[in-house]
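What the coordinates show
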Amino acid sequence: MLKVLHFGKLNFSNIRQIGRAIIIGIATGLVVSVFRLTIQYALSWVTACFRFFHHQPIWLIPWTIGSIILALILGEMSQKNPNIKGSGIPQVEGQLTGQFDEEWWPVLWRKFVGGIFSIGSGLFLGREGPSIQLGATIGQGFAEFNQVTKIEKRVGIASGAAAGLSAAFNAPIASSMFILEEVYHNFSPLVWLSVFISAVCANGVSMSFFGLRPDLDLPHEVLFPANQYVHLIILGIILGMLGRVYQYVILNLGTWSRKVTWFKPSWYPLVPFLLVIPIAWFWPVTLGGGNNLIISLPKLPLSIPLLFGFLILRFVFSMISYGSEIPGGIFLPILTLGAVIGACYCVTMISLGLVPKEYLDNYVIYAMAGYFACISKAPFTAILLITEMVGSMTHLMPLAVVAVTAYVINDILGGLPVYMAMFNNFIHRSPRKELVGMTQMTVSIFAGSRLDGCLIKDFNWPQGSLVLAIYRGEEELVPRGMTRLQVGDTLVIQLTGHHHLTNQHVINEAAHYGKTSQSK
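In this text the structure is predicted, and so the values were computed from the model without any measurement.

As for the environment of Phe53
Here Phe53 shows up in helix α1 (residues 12-53). On the basis of relative accessible area, Phe53 is assigned to the buried category, the value being 4%. Ignoring sequence-local partners within four residues, the contact set of Phe53 consists of Trp59, Leu60, Trp63 and Trp281.

The following block contains the structure:
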């Protein structure tokens, strides 16, 4: 008797989705790895030039002239193409929420070139924000080339964004979490699988360029003892307060700078490009996003004036660099500031005889997570990111204590997620393409929400909305009026008309909150 084996129907939709995620991840990994490698070589070249200038200072004259010319070119390019300003994360968030659109190719090449010259010149800017936007443009370009649906286009953008951050930091898990937690705010099966696959593929490409060593190769042999945890709470409180200061300053830079009406915005880069010259002359280890400084902290003299001087320098010049509105992010500069704050705290406690000096590396590592957690309001991402970047699982408990403490203190002080606040500033002041016609959204149903347990026919859907599909685990359901929705369902909804944003808000409210609850 013959046995018939039934394998079931192949899900070609998932196969295509995975295939797109792999291609986007590999392409983004190549572009961002070249971007990252070029910046590293540029920073090394700048450092070597200034070592030469110490012997031949006359060469500072042509260097200064060249810096002025480059600053004016970057300023003009950024003001004429505002979508390449800053980190690029607000622009990506706008695309994923359907409130903003841009052409991918002009942004891709301008961000790539502008980011190399901005960050590679030594300004205190990070590569991670531009890497996220570079990946997002690659995902968008691939989606438009293949003429996929609008929901698949957004998934492609999210996948590229995660791949860009993964290639920038060699941290695929944290990169996926950051895009889902902080940028896209969507954990549906339609999104997370593509995002994670692209991040892993990009990380594989990046490892072929930079090897297997962690991005922040700090020593981590010393386990942190339980009797030192009180210092972690104190450090977390300090980080939370300083994080609130950082949020306030970075979010008001644009308003403050434009009060000087005679100084054109296209001239803004002149200030950091001229100030970086004395910084490169006296403190070359501080140049760029801060990788070199973080790794060098355990090797520096245990000097309180030196470390607090680096803290002030990094904070002030990071703000000046980002305020110039040229391509460059704040992700790595935030981690660097956190590392320096941790070193300052530890050295102060060492001088008082309260902390052994062998714990300096630990405080540097923990403070990075705490500072990023409170500023971005993404503690899970912060813990995962530092764990992956350092390459050790031994710090999870101390990282959690510092991150949660800093987060709570910042929340008490009224701090908002910095990237969400930047997005709100960006979307309200930037001209953007009006989204009309038809678009799609995905939404997951939370426990206790109005859609939880509701029949499709019983909910008052906004005019112009149509439920196209329901994903329940791995199963795709065809929506009907008598279909009862439940917790964990992911809905694919088509929106038509001119009120996309209002309708999205109404549906999100119904999926996330109960009848008597209100969103914050």
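Picking up after the structure, the text goes on.
A short note on helix α12 (residues 304-323)
With 20 residues, α12 extends 29 Å between its outermost C-alpha atoms, agreeing within 8% with the 28 Å of an ideal straight helix rising 1.5 Å per residue. If you check which residues of α12 are buried, you get Leu307, Phe310, Leu311, Leu313, Arg314, Phe317, Ser318, Met319, Ser321, Tyr322 and Gly323. For α12, the N-terminal capping position is held by Ser303, with its side-chain oxygen 3.3 Å away from the main-chain nitrogen of Leu306.

A look at the layout of surface pockets
Estimated volume of the second largest pocket: approximately 770 Å³. Considering the residues around the second largest pocket, the lining is formed by 31 residues, among which Leu253, Gly254, Tyr322, Gly323 and Glu325 are closest to the centre. Listed by contribution, the elements that provide at least two residues to the lining of the second largest pocket are α3 (89-96), α9 (229-257), α10 (270-282), α12 and α17 (418-429). It is α9 that provides the largest number of residues to the lining of the second largest pocket, a total of 7 residues.

Focus: the pairing of strand β2 (residues 465-472)
Here 6 bridges tie β2 to strand β4 (residues 490-496), and the two strands are oriented antiparallel to one another. Each bridged residue has a counterpart across the sheet, and for Leu466 the counterpart in β4 is Gln494. Where β2 meets strand β3 (residues 475-477), 3 bridges bridge the pair, whose relative direction is antiparallel. Note on β3: the bridge partner recorded for Ile470 is Leu477.

Looking at the packing of aromatic side chains
Counted according to the given criterion, the structure contains 28 aromatic pairs. Aromatic pair Phe50 and Phe53: ring centres 5.1 Å apart, planes at 70°, arrangement edge-to-face. Of the two residues, Phe50 and Phe53 are both situated in helix α1; the distance of 3 residues between them amounts to about one turn of the helix. There is no split in this pair, since Phe50 and Phe53 are both buried. Among the aromatic side chains, those forming a connected cluster through ring pairs are Trp45, Phe50, Phe52, Phe53, Trp59 and Trp63. Directly above the aromatic system of Phe210 lies the positively charged group of Arg36, at a separation of 3.9 Å from the ring centroid.

Digging into the pattern of salt bridges
Considering all chains together, one arrives at 8 salt bridges under this definition. Residues Lys80 and Glu76 are paired through a salt bridge, measuring 3.6 Å at the closest nitrogen-oxygen approach. Pair noted here: Lys80 and Glu76 are both in helix α2 (residues 60-80), with a separation of 4 residues, about one helical turn. For Lys153, the salt bridge is made with Glu144, and the minimal N-O distance between the two is 3.2 Å. A network of salt bridges, in which partner residues are shared, links Lys85, Arg258 and Glu325.

So, the confidence of the model for the chain
Considering every residue of the chain, the mean pLDDT works out to 86; 90% of them sit at 70 or more. Of all the helices and strands in the chain, strand β1 (residues 438-444) carries the lowest mean pLDDT, 71, while α10 carries the highest, 96. Within the model, the stretch residues 431-435 combines pLDDT values under 50 with 9 contacts to residues more than four positions away or in other chains.

Some points on the packing of α3 against helix α5 (residues 128-145)
At their nearest, the axes of α3 and α5 sit 8 Å apart, and the two run at 35° to each other. On the side of α3, the interface is formed by Ile89, Gln91, Val92 and Gln95, while α5 contributes Gly129, Ile132, Gln133, Ala136 and Gln140. In terms of residue class, the contact of α3 with α5 is made up of 4 nonpolar, 5 polar and no charged.

A look at a nonpolar patch on the surface
On the surface, Phe52, Ile58, Trp59, Ile61, Ile65, Ile69 and Ile73 cluster together into a nonpolar patch covering about 710 Å² of accessible area. Looking at which element gives the most residues to the nonpolar patch, the answer is α2, with 4 residues. Looking at the element boundaries, Ile65 is found in helix α2.

About the cut-offs
Residues numbered from 1 in each chain as written. Predicted model: local features only at pLDDT ≥ 70, side-chain atom pairs only at ≥ 80, totals over all residues. Heavy atoms only, no water. Helix = DSSP H or I, 4+ residues; strand = E, 2+ residues; numbered from the N terminus. Buried < 20%, exposed > 50% of the residue type's maximum accessible area, 1.4 Å probe, protein only. Contact = heavy atoms within 4.5 Å. Expected span 1.5 Å × (residues − 1). Polar contact = N/O pair within 3.5 Å; in protein donor to acceptor, adjacent residues only side chain to side chain. 1 Å grid on protein atoms, 1.4 Å probe; cavity = no way out; pocket = protein on both sides within 12 Å on 5 of 7 lines; lining within 4 Å. Points joined across faces, edges and corners; volume = space filled by probe spheres on them. Pairing = 2+ DSSP bridges. Phe/Tyr/Trp six-rings, centres within 6.5 Å; stacked < 30°, edge-to-face > 60°. Lys NZ or Arg CZ within 6 Å of the ring centre and 35° of its normal. Salt bridge = Lys/Arg side-chain N within 4 Å of Asp/Glu carboxyl O. pLDDT = per-residue confidence, 0-100. Axes fitted to C-alpha atoms, helices over the stretch in contact; angles between N-to-C directions. Nonpolar A, V, L, I, M, F, W, Y, C, P; charged D, E, K, R; others polar. Patch = residues over 30% accessible without salt bridge, like charges linked within 9 Å, V, L, I, M, F, W, Y side chains within 5 Å. Areas by Shrake-Rupley, 256 points an atom, 1.4 Å probe, with all protein chains shown as cover.

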